[in-house]
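So you can see what is in the structure, the chains are spelled out below.
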Amino acid sequence: MIKKLSSVASIVTFSLCSFAALNSIAEEQTAIFAGGCFWCTESDFEKLDGVISAASGYIGGQLKNPTYKQVSAGGSGHTEAVEVVFDDQAVSYAELVEYFWKTIDPTDAGGQFCDRGQQYRSEIFYQTESQRSIAEASKKALAASGLLASAIATKITAASTFYPAEEYHQDYYLKNSIRYNYYRWGCGRDKRLAELWGK
């Protein structure tokens, strides 16, 4: 009887250790994408399975702690971007990059949709060499696919400091859904995406 109990205890211990090991493999990771208006990019990513959260912010310039007014005016070097926190066991970085392409116009070098200027440029900001390799391979494959009529303007750049945007910008599409939907429609974002990628 004691032998049996000892065996059961060993099995339970092994199972718990295995479960803990599996949990330790799964990690929350971050990715940073600039796709024009950060309200829209945040909204798009938060609809994707495996994404835990997305935060609007600024990246790519030299100005420390920039404000929306400074970035939107142009000249700060920063672009609107989104920091995505994701469960790498549910969605991979490669899948995020593939998804990102379909949310932007990669051929537009002057901004995105109705938002013009480098503060609305599309860009992938990598945080590791693995992310850089994945993003560059994905860009190369898209360019070779023949899906786009023009060259890809989206840059792949080492991430600098990501500055979260003001609180009223976070989850704007949820807090101000009517204004957000009107803006998105008026900007022609989804119309252009349908032209590029199909419905």
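Note that the structure is predicted; figures quoted are calculated from it, not measured. The residue count restarts for each chain, going from 1 along the sequence in the order it is written. Note on the predicted model: pLDDT of at least 70 is required for a residue's local features to be given, and 80 or more for side-chain atom pairs to be given and counted; whole-chain, interface and lining totals, by contrast, use all residues. Note that water and hydrogens are dropped before the side-chain values are worked out from all heavy atoms of the structure.

Peer 1: Is there a simple way to explain the overall build of the protein chain in this structure?
Peer 2: Here a strand is any run of E in DSSP of at least two residues, a helix any run of H or I of at least four, and the numbering for each starts at the N terminus. If you tally the helices and strands in the protein chain, you get 8 helices and 8 strands. Only protein chains enter the accessibility calculation, which uses a 1.4 Å probe; a residue is then buried when its area is under 20% of its type maximum, exposed when over 50%, and partly exposed in between. When the 199 residues of the protein chain are sorted by exposure, 41% land in the buried category. For the protein chain, restricting intrachain contacts to residue pairs at least 6 apart in sequence, the fraction spanning at least 24 positions comes to 76%. Each accessible area value is a Shrake-Rupley result obtained with a 1.4 Å probe; residue values ignore everything except the protein chains displayed when judging cover. Split by element, the accessible area of the protein chain, about 11000 Å² in all, is 58% carbon and sulfur. Any two residues having at least one pair of non-hydrogen atoms within 4.5 Å are treated as being in contact.

Peer 1: Can you help me understand the state of the cysteines in this one?
Peer 2: By definition, a disulfide links the sulfur atoms of two cysteines through a covalent bond. Criterion for a disulfide: a pair of cysteine sulfur atoms within 2.5 Å. For the structure on display, the rule yields 1 disulfide. Residue pairing for cysteine 114: its cysteine sulfur links by disulfide to cysteine 187, the two sulfurs lying 2.0 Å apart. The sign of the S-S torsion, about -105°, decides the handedness of the disulfide formed by cysteine 114 and cysteine 187: left-handed. One end of the pair, cysteine 114, is in the loop between strand E4 (111-112) and strand E5 (115-116); the other, cysteine 187, is in helix H7 (residues 177-187), and 73 residues separate them in sequence. The buried category is assigned to cysteine 187, whose relative accessible area is 10%. Here cysteine 40 stays unpaired: no disulfide links it, and the sulfur of cysteine 37, its closest cysteine neighbor, is 3.9 Å away. On the accessibility criterion, cysteine 40 (1% relative accessible area) is buried.

Peer 1: Would you mind showing me how to read helix H2 (residues 38-46) here?
Peer 2: Since there are 3.6 residues in each turn of an α-helix, residues three or four apart along the chain are aligned in direction. Most of H2 is tucked away, with 8 of its 9 residues classed as buried. Among all positions of H2, only Phe38, Trp39, Cys40, Thr41, Glu42, Ser43, Asp44 and Phe45 are buried.

Peer 1: Even after reading the chapter, I still don't get the environment of glycine 61, so can you show me in this structure?
Peer 2: Tracing the chain through its elements places glycine 61 in the loop between strand E2 (51-59) and helix H3 (68-72). When the C-alpha positions of glycine 61 and threonine 79 are compared, they lie 7.5 Å apart, and in sequence the two are 18 residues distant.

Peer 1: I would appreciate a short explanation of the side chain of aspartate 108 in the present structure.
Peer 2: Note on placement: aspartate 108 falls in the loop between helix H4 (93-101) and E4. Side-chain polar atoms of aspartate 108 contact the side chain of arginine 116, separated by 2.9 Å. Discounting chain neighbours no more than four positions away, the residues touching aspartate 108 are Phe113, Arg116 and Ala153. Between N or O atoms, a polar contact is any pair within 3.5 Å; within protein, one atom must be a potential hydrogen donor and the other a potential acceptor, and residues adjacent in sequence are included only when both atoms are from side chains.

Peer 1: I would appreciate a short explanation of the packing of aromatic side chains in the present structure.
Peer 2: The relative placement of two aromatic rings is captured by the distance of their centres and the angle of their planes. When two rings of Phe, Tyr or Trp (its six-membered ring) have centres within 6.5 Å they constitute a pair, described as stacked for plane angles under 30 degrees, edge-to-face for angles over 60, and tilted for the intermediate range. Applying the stated criterion across every chain, the model contains 11 aromatic pairs. For the ring pair tryptophan 39 and tyrosine 172, a centre distance of 3.7 Å and an interplane angle of 5° mean the geometry is stacked. One end of the pair, tryptophan 39, is in helix H2; the other, tyrosine 172, is in helix H6 (residues 172-175), and 133 residues separate them in sequence. Every member of this aromatic cluster is reached through a ring pair, and the members are Phe33, Phe45, Tyr93, Tyr99, Phe100 and Trp101.

Peer 1: Mind showing me how you'd approach the pairing of E2 here?
Peer 2: The two faces of a sheet get side chains in turn, since along a regular strand they alternate between them. In short, DSSP must find at least two bridges between two strands for them to pair. With 8 bridges joining them, E2 and strand E3 (residues 79-87) adopt antiparallel strand pairing. Each residue of the ladder has a partner; that of valine 51, found in E3, is phenylalanine 86. Bridge analysis of E2 against strand E8 (residues 163-164) gives 2 bridges, and the strand direction is antiparallel. The partner of glycine 57 across the bridge, within E8, is proline 164.

Peer 1: Got a minute to help me understand the pairing of E3 in this structure?
Peer 2: When you tally the buried positions in E3, you get 7 out of 9 residues, the bulk of the element. The pairing of strand E1 (residues 28-35) with E3 spans 6 bridges and is antiparallel. Of the residues in E3, the one forming a bridge with isoleucine 32 is glutamate 83.

Peer 1: I would appreciate a short explanation of the pattern of salt bridges in the present structure.
Peer 2: It is possible for side chains bearing opposite charge to pair when their charged atoms get close. Counted as salt bridges are all cases of a side-chain nitrogen of Lys or Arg within 4 Å of a carboxyl oxygen of Asp or Glu. Scanning the entire structure with this criterion turns up 9 salt bridges. Residue arginine 192 pairs with aspartate 105 through a salt bridge whose shortest N-O separation is 3.1 Å. Of the two residues, arginine 192 is situated in helix H8 (residues 189-197) and aspartate 105 in the loop between H4 and E4; the sequence distance between them amounts to 87 residues. We classify aspartate 105 as buried; its relative accessible area is 6%. For lysine 175, the salt bridge is made with glutamate 167, and the minimal N-O distance between the two is 3.4 Å.

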